[in-house]
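The chain contents come next:
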Amino acid sequence: MAALYIAAGAGHFIVTRAYVRIVPDYLPAHRELVLISGVAEIAGGIGLLIPPTRRPAAWGIILLLIAVFPANLWMAQHPDRFPNIPTWILWLRLPLQLPLIWWAYQYARPTRPLLGRPYDPQSI
């Protein structure tokens, strides 16, 4: 999961213009929002790798996924702006946010039975 968010965050800096295109028109400072969200993704991914910061990083990723949902919705509502992406994929991305949030939540919980780690109050 950490690698996914570090790579996704790096993408914000590698193909910034592509990400700027998906920021809804009603939001200001498109480029800045893309760069900030890229930093947040990278920080969240790195935070997952460090046991004392794992839980706060996971909560940050959950908040980030909620915050970027409007961009995914914007894309689905304006498929004409993204002719290289099939419309069905734009709509499929919306419900896929839920498993990503669930996955991050597995790292955010005090107990992580799905990850095979016992509860350790020191890790909070």
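Scroll up to find the structure this text is about.
Residues numbered from 1 in each chain as written. Predicted model: local features only at pLDDT ≥ 70, side-chain atom pairs only at ≥ 80, totals over all residues. Heavy atoms only, no water.

Next up on the list: the overall build of the protein chain. Counting secondary structure elements, the protein chain contains five helices and zero strands. Its helices and strands taken in sequence order, the protein chain reads α-α-α-α-α from the N to the C terminus. Out of the 124 residues in the protein chain, the part that is buried amounts to 34%. Per element, the accessible surface of the protein chain, about 7400 Å² overall, is 71% carbon and sulfur. (Helix = DSSP H or I, 4+ residues; strand = E, 2+ residues; numbered from the N terminus. Buried < 20%, exposed > 50% of the residue type's maximum accessible area, 1.4 Å probe, protein only. Areas by Shrake-Rupley, 256 points an atom, 1.4 Å probe, with all protein chains shown as cover.)

Moving on, we come to the layout of surface pockets. One number sums up the size of the largest pocket: a volume of about 910 Å³. Considering the residues around the largest pocket, the lining is formed by 32 residues, among which Tyr19, Ile22, Val68, Asn72 and Arg93 are closest to the centre. Listed by contribution, the elements that provide at least two residues to the lining of the largest pocket are helix 1 (2-14), helix 2 (16-21), helix 3 (30-49), helix 4 (54-77) and helix 5 (87-108). Tallying contributions element by element places helix 4 first for the lining of the largest pocket, with eight residues. (1 Å grid on protein atoms, 1.4 Å probe; cavity = no way out; pocket = protein on both sides within 12 Å on 5 of 7 lines; lining within 4 Å. Points joined across faces, edges and corners; volume = space filled by probe spheres on them.)

With that out of the way, let us pick up unusual backbone geometry. The phi dihedral of Ala29 falls on the positive side, at around 50°, and the residue is not glycine. In this structure Ala29 comes out as partly exposed when scored by relative accessible area, which is 41%.

Together, Ile85, Trp88, Ile89, Leu92 and Leu96 give the surface a local cluster of nonpolar side chains, amounting to about 460 Å² of exposed area. Looking at where Ile89 falls in the secondary structure, it is placed in helix 5. (Patch = residues over 30% accessible without salt bridge, like charges linked within 9 Å, V, L, I, M, F, W, Y side chains within 5 Å. Salt bridge = Lys/Arg side-chain N within 4 Å of Asp/Glu carboxyl O.)

Turning our attention to the packing of helix 4 against helix 5. Following both chains from N to C, one finds helix 4 and helix 5 inclined at 175°, their axes separated by 9 Å at the closest point. Judged by the angle between their axes, helix 4 and helix 5 are roughly antiparallel. Broken down by class, the residue content of the contact of helix 4 with helix 5 amounts to 20 nonpolar, three polar and three charged. (Axes fitted to C-alpha atoms, helices over the stretch in contact; angles between N-to-C directions. Parallel < 35°, antiparallel > 145°, perpendicular 65-115°, else oblique. Nonpolar A, V, L, I, M, F, W, Y, C, P; charged D, E, K, R; others polar.)

One way to put it is that helix 3 packs onto helix 4 with a least axis distance of 8 Å and a crossing angle of 150°. Regarding the angle of helix 3 to helix 4, the classification is roughly antiparallel. In the crossing of helix 3 with helix 4, the sense of the turn from one axis to the other is left-handed. Contact residues: Ser37, Ala40, Glu41, Gly44, Gly45, Gly47, Leu48 and Leu49 in helix 3; Arg54, Ala57, Ala58, Ile61 and Leu64 in helix 4. For the contact of helix 3 with helix 4, the residue count by class is seven nonpolar, four polar and two charged. (Left-handed = near helix turned anticlockwise from the far one by under 90°. Contact = heavy atoms within 4.5 Å.)

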